[in-house]
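# Observations on the three-dimensional arrangement
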Amino acid sequence: MLKKSYKIDYKIYSEKSIDEAISDYKDIANIKYEKWELVIEAESDIDEIFNELMNYVIYIDNN
């Protein structure tokens, strides 16, 4: 299992949208969020999971 963390800019992304996206991605990877940092654990493609997750967060924010 691979693990990687990402700092999230609180000025750009809403915490509510991040929490909703994490809930929707629970079957794809183990994702934890605390103090504006995402930690993703998955078998592979962590960067791709992160990119798709953040695209989804932006989608949620805009709707």
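The preceding data block contains the structure.
Rules used throughout
Counting restarts for each chain: residues are numbered from 1 in the order of the written sequence. In keeping with the predicted nature of the model, local features appear solely for residues at pLDDT of at least 70, side-chain atom pairs appear and are counted solely at 80 or more, and the whole-chain, interface and lining totals rest on all residues. The basis for every side-chain value is the complete set of non-hydrogen atoms in the structure, without hydrogens or water. Here's how the labels work: a residue is buried when its accessible area is under 20% of the maximum for its type, exposed when over 50%, partly exposed in between, all with a 1.4 Å probe on protein chains only. Helix numbers and strand numbers start at the N terminus; a helix is a DSSP run of H or I with at least 4 residues, a strand a run of E with at least 2. Strand pairing is defined by DSSP finding a minimum of two bridges between the two strands. A helix's residues, less one, multiplied by 1.5 Å, set its expected span. Note that the arc is computed from the directions linking the helix axis to the C-beta atoms. Pairs of residues are marked as contacts when any of their non-hydrogen atoms sit within 4.5 Å.

This part covers the pairing of strand 2 (residues 30–34). Of the two faces of strand 2, the one holding I31 and Y33 is buried and the one holding N30, K32 and E34 is not buried anywhere. The pairing of strand 2 with strand 3 (residues 37–42) spans 5 bridges and is classified as antiparallel. Note on strand 3: the bridge partner recorded for Y33 is L38. Taking the residues between adjacent antiparallel strands as the criterion, strand 2 and strand 3 are bridged by 2 residues, where K35 takes a positive phi near 50°.

Our next topic: helix 2 (residues 46–62). A rise of 1.5 Å per residue sets the reference length of helix 2, with its 17 residues, at 24 Å; its end C-alpha atoms lie 24 Å apart and thus fit the reference within 8%. For helix 2, the set of buried residues is I46, I49, F50, L53, M54, V57 and I60. All buried residues of helix 2 fall inside an arc of 125° around its axis, so they share one side. The exposed set on the far side of helix 2, more than 90 degrees from its buried face, consists of Y59 and N62. Each element contacted by the buried residues of helix 2 is listed here: strand 1 (2–7), helix 1 (15–24), strand 2 and strand 3.

Here we take up the environment of K3. Its location among the elements puts K3 in strand 1. Remark: the alpha-carbon pair of K3 and D45, spanning 42 residues in sequence, is separated by 10 Å. Setting aside its immediate chain neighbours within four residues, K3 contacts V39, I40, E41 and I46.

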